[in-house]
Amino acid sequence: MTTLESTPARDFIRTKVSEDLAANKNDGRVVTRFPPEPNGYLHIGHAKSICLNFGIARENPGGVCHLRFDDTNPAKEDVEYVDSIQEDVHWLGFDWGEHRYYASDYFPKLYDYAEQLIKAGKAYVCDLSADQAREYRGTLTEPGKESPYRNRSIDENLDLFRRMRAGEFADGSRVLRAKIDMSSPNIIMRDPTLYRIKRSSHHRTGDTWCIYPMYDFAHCLSDSIEGITHSICTLEFEINRPLYDWILDQLPVNSHAQQIEFARLNLSYTIMSKRKLLKLVEQGFVTGWNDPRMPTISGFRRRGFTPESIRNFCERIGVAKRDSMVDLALLEHTIREDLNERAPRVMAVLRPLKVVIENYPDGQSEDLEAQNHPANPEMGSRKVPFSRVIYIEQEDFMENPPKGFHRLAPGREVRLRYAYFIKCHAVVKDEISGEILELKCTYDPATRGGSAPDGRKVKATIHWVSAAHAISAEVRLYDRLFTVENPEGDKEKEFTAFLNPQSLETLTDCRLEPSLATARPEAHCQFERMGYFCVDLIDTRADRPVFNRTVTLRDTWAKIQGKN
RNA sequence: UGGGGCGUCGUCAAGCGGUAAGACACAGGACUUUGACUCCUGUAUUCGGAGGUUCGAAUCCUCCCGCCCCAGCCA
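Calculation rules
- Residues numbered from 1 in each chain as written.
- Chains lettered and ligands numbered in written order.
- Predicted model: local features only at pLDDT ≥ 70, side-chain atom pairs only at ≥ 80, totals over all residues.
- Heavy atoms only, no water.
- Pairing = 2+ DSSP bridges.
- Helix = DSSP H or I, 4+ residues; strand = E, 2+ residues; numbered from the N terminus.
- Contact = heavy atoms within 4.5 Å.
- Axes fitted to C-alpha atoms, helices over the stretch in contact; angles between N-to-C directions.
- Phe/Tyr/Trp six-rings, centres within 6.5 Å; stacked < 30°, edge-to-face > 60°.
- Buried < 20%, exposed > 50% of the residue type's maximum accessible area, 1.4 Å probe, protein only.
- Lys NZ or Arg CZ within 6 Å of the ring centre and 35° of its normal.
- Near = heavy atom within 4 Å.
- Polar contact = N/O pair within 3.5 Å; in protein donor to acceptor, adjacent residues only side chain to side chain.
- 1 Å grid on protein atoms, 1.4 Å probe; cavity = no way out; pocket = protein on both sides within 12 Å on 5 of 7 lines; lining within 4 Å.
- Points joined across faces, edges and corners; volume = space filled by probe spheres on them.
- Nonpolar A, V, L, I, M, F, W, Y, C, P; charged D, E, K, R; others polar.
- Salt bridge = Lys/Arg side-chain N within 4 Å of Asp/Glu carboxyl O.
- Domains from an automatic or database assignment.

Enquirer: Residues and numbers for the sheet that holds strand β24 (residues 531–535), please.
Expert: Across the sheet, which stays open at both edges, the 7 strands sit in the order β10-β23-β24-β25-β21-β22-β11 with mixed pairing between neighbours. Looking at which strands have only one partner, the edges of the open sheet turn out to be β10 (345–346) and β11 (348–349). Bridge count between β11 and strand β22 (residues 504–512): 2 bridges; the pairing is antiparallel. From the neighbouring strand, Ala348 faces β22, where its bridge partner is Leu512. Strands β10, β23 (524–527), β24 and β25 (546–551) of the sheet are contacted by helix α12 (residues 328–342), whose axis makes an angle of about 120° with β25.

Below, the structure written as structure tokens:
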């Protein structure tokens, strides 16, 4: 359904790429990269970056986008994450082709570059402890002090660095540092650490290394090795750009990308920090990274979002440099927009209320023709069985309806979608609790299919399901994960304090029309008047379907009620 | 009180010296066998503030105010 997608807006990054192309800056090449660290699942913020990087590559002739795992910190990384990342990028609709790389594949080259830096007198081995290093670094307003180890000879540095690699020193006892400027107003430039000793088994290189390069050292050089032309990252790395450029300027590299920063995505009523998402998973606030309430790509997928809707969302939010908080309503709009086009309509009663149609013959049933998508006849039709006892939605009946309510009520007539007009003439209640147990109605045989020969109108059309034919199912109603727009915005309270206790409501007694018995996992549909749903990929069993509510339909009636 | 970024409608976001696009949200109305969809209509005399330059400023200059990022041997 690419019809929904138009040409992406000319944001400042695309403009820059075009200008570089026009100036023949990189011999006409456009090479971008999406460089996740495999320490968590991808979220909607990553989707923005993926759409940007892969999108730019796709839009420019000969453009390429690499997938590169920035796996320089084995302590936090895992193959589970590299697998999920690849699956999510593919699902989103992008392909890196041959260009899948790992920073860890460059460890030998990176090590070599480090030695070259030492030989050029631009890096040194420092024996300061982490605490001492912090003291020597100075503060935001005071310059730092030079390390006493800063002026070791090149030979000594080389010897020490080789012995670091050989495993002669304890973790944390020494680091390799760039020799730049301890009084730089940019703290990043105060002799940043390039390599640290860390005895941690790496998910790809195992125990081959006991020293690992830092982000600043590995990232720019990885870009350079791959011939990246535009290194697009988020705003918080803007301050690292001078270091990115400094490292590449010291070394005999033949490619030096331009780093361009944009504002990361913030979405209302959720969080985007991988650390915090991990906490939700580990502490059991959600069932996993792919819990339908999670803002992860796999979570949205399981919730029933389509790749098209997410790509569309990423296109509409734009790319700029100012911090922003995008309204969740925009994401909901893009998924409704997509599902409205493609989701077949079916009837499902979530909270059943029994209705006996007293003038309909007992034991009789008939099949009625129902459109799969009224606005799209090519999607065909299906038969829906009707009989004497049906279920309707509890909320579609009110014994004492307020003004404005025009569904079923005592003495009132409504249309059963694709079936008949029915009129309610009695309410059966539990004598003690007063709970409405059942409705007694009559139907008008002349209104078969839903229209009256005498031209009389009804105010409402409601959905229904034949009791004898319905299949039962579990339906999970999802709502926003947090109760406040910005769960991370409170200085006193932790974000978990704003978790929405009603983010999941599980309904176990739902009745669906029988055609749904064959719905495949991940299939999308619209339960008429209730919302868009999909068949849960994980928990659905052949004899017990589980449906997830992707998003409700717009509900102006609820809005009117809310005002009163 | 160091440095780097950013401030245009409720939320995103165009605009780059010629007189404020668009989207979402919101509010009316039409249509309707989904109170859905669709379709109309409305919604910033104003661009963080104050000065200045100019025939003309959201766009240029000056000062001020506000928000974000940086003191990991995380990325």
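Picking up where we left off.
Enquirer: Describe in detail the packing of aromatic side chains, supporting the description with residues and values.
Expert: Any pair of aromatic rings gets described here by the distance separating the centres and the angle formed by the planes. In this structure the tally under the stated criterion is 22 aromatic pairs. Measuring from ring centre to ring centre gives 5.0 Å for Tyr215 and Phe237, while their planes differ by 35°; the resulting arrangement is tilted. Linking Tyr215 in helix α7 (residues 215–226) with Phe237 in the loop between β8 (230–234) and α8 (241–250), this pair joins segments that are 22 residues apart in sequence. For Tyr215, a relative accessible area of 24% corresponds to the partly exposed category. Arg480 extends its terminal NZ or CZ atom over the ring of Tyr269, reaching a point 3.8 Å from the ring centre.

Enquirer: Tell me about the protein's contact with RNA strand B, residues and numbers included.
Expert: Arg345, Arg407, Arg417, Gly449 and Thr556 are the nearest of the 64 residues found near RNA strand B. Counting only the atoms of RNA strand B that lie within 4 Å of the protein, the sugar and phosphate share comes to 63%. A distance of 2.8 Å separates a sugar or linking oxygen of RNA strand B from a polar backbone atom of Ile317. Tyr418 is positioned such that a nitrogen or oxygen atom in its backbone is 3.2 Å from a base oxygen of RNA strand B. Listed by contribution, the elements that provide at least two residues to the surface near RNA strand B are α5 (130–137), β6 (193–197), α11 (307–317), α12 and α13 (556–563).

Enquirer: So, the pairing of strand β12 (residues 352–357): which residues are in play, and what are the values?
Expert: Where a strand is regular, its side chains alternate between the two sheet faces. Extensive coverage of β12 is indicated by the burial of 5 of its 6 residues. The sheet contact formed by β12 and strand β15 (residues 389–393) spans 5 bridges and is antiparallel. Across the sheet, Val355 pairs through a bridge with Ile390, a residue of β15. Where β12 lies against strand β18 (residues 436–443), 4 bridges are found, and the strand directions are parallel. Bridge assignment links Ile357 to a residue of β18, and that residue is Cys441.

Enquirer: Go over α8 with me, naming the residues and quoting the values.
Expert: Looking at α8, one finds that the buried residues are Leu243, Tyr244, Trp246, Ile247 and Leu248. Contacts from the buried residues of α8 go to α4 (107–119), β5 (175–178), α7, β8 and β9 (258–262).

Enquirer: How would you summarise the environment of Pro545 if you had to cite specific residues and measurements?
Expert: Within the secondary structure, Pro545 is located in the loop between β24 and β25. Among the residues examined, Pro545 registers a relative accessible area of 13% and is labelled buried. Counting along the chain gives 503 residues from Pro545 to Leu42, while the straight-line C-alpha distance between them is 28 Å. In this structure, Pro545 is in contact with Ser472, Ala473, Glu474 and Thr540, ignoring residues within four places of it in sequence.

Enquirer: Kindly report on empty space enclosed by the protein, identifying the contributing residues and their values.
Expert: Applying the stated criterion across every chain yields a total of 1 cavity of 30 Å³ or more. Contributing to the lining of the largest cavity are Tyr215, Asp216, His219, Cys220, Asn240, Tyr244 and Gln259. Partitioned by chemical class, the residues of the lining of the largest cavity number 3 nonpolar, 3 polar and 1 charged.

Enquirer: Quick rundown of the pattern of salt bridges? Include the residues and the values.
Expert: Under the criterion given, the structure shown has 50 salt bridges. Across the pair Arg417 and Glu528 runs a salt bridge, and its minimum N-O distance is 2.2 Å. Separated by 111 residues along the polypeptide, Arg417 in the loop between β16 (413–416) and β17 (421–429) and Glu528 in the loop between β23 and β24 bring together distant segments of the chain. Several salt bridges share partner residues, and in doing so they unite Arg302, Glu474, Arg476, Asp536 and Asp539 into one network.

Enquirer: I'd like a description of the domain arrangement of chain A, backed by residues and values.
Expert: Domain annotation for chain A reports domain 1 (108–215), domain 2 (268–342 + 473–564) and domain 3 (346–466). Placing the centre of domain 2 and that of domain 3 at their C-alpha centroids yields a distance of 29 Å. Applying the counting criterion to the domain 2 and domain 3 interface returns 4 salt bridges. There are 11 residue pairs in polar contact (both at pLDDT 80 or more) connecting domain 2 and domain 3. Of all the secondary-structure elements, those providing two or more residues to the side of domain 2 that touches domain 3 are α12, β21 (471–478), β22 and β23. Tallying contributions element by element places β22 first for the side of domain 2 that touches domain 3, with 6 residues. When its residues are assigned to classes, the side of domain 2 that touches domain 3 shows 12 nonpolar, 3 polar and 8 charged.

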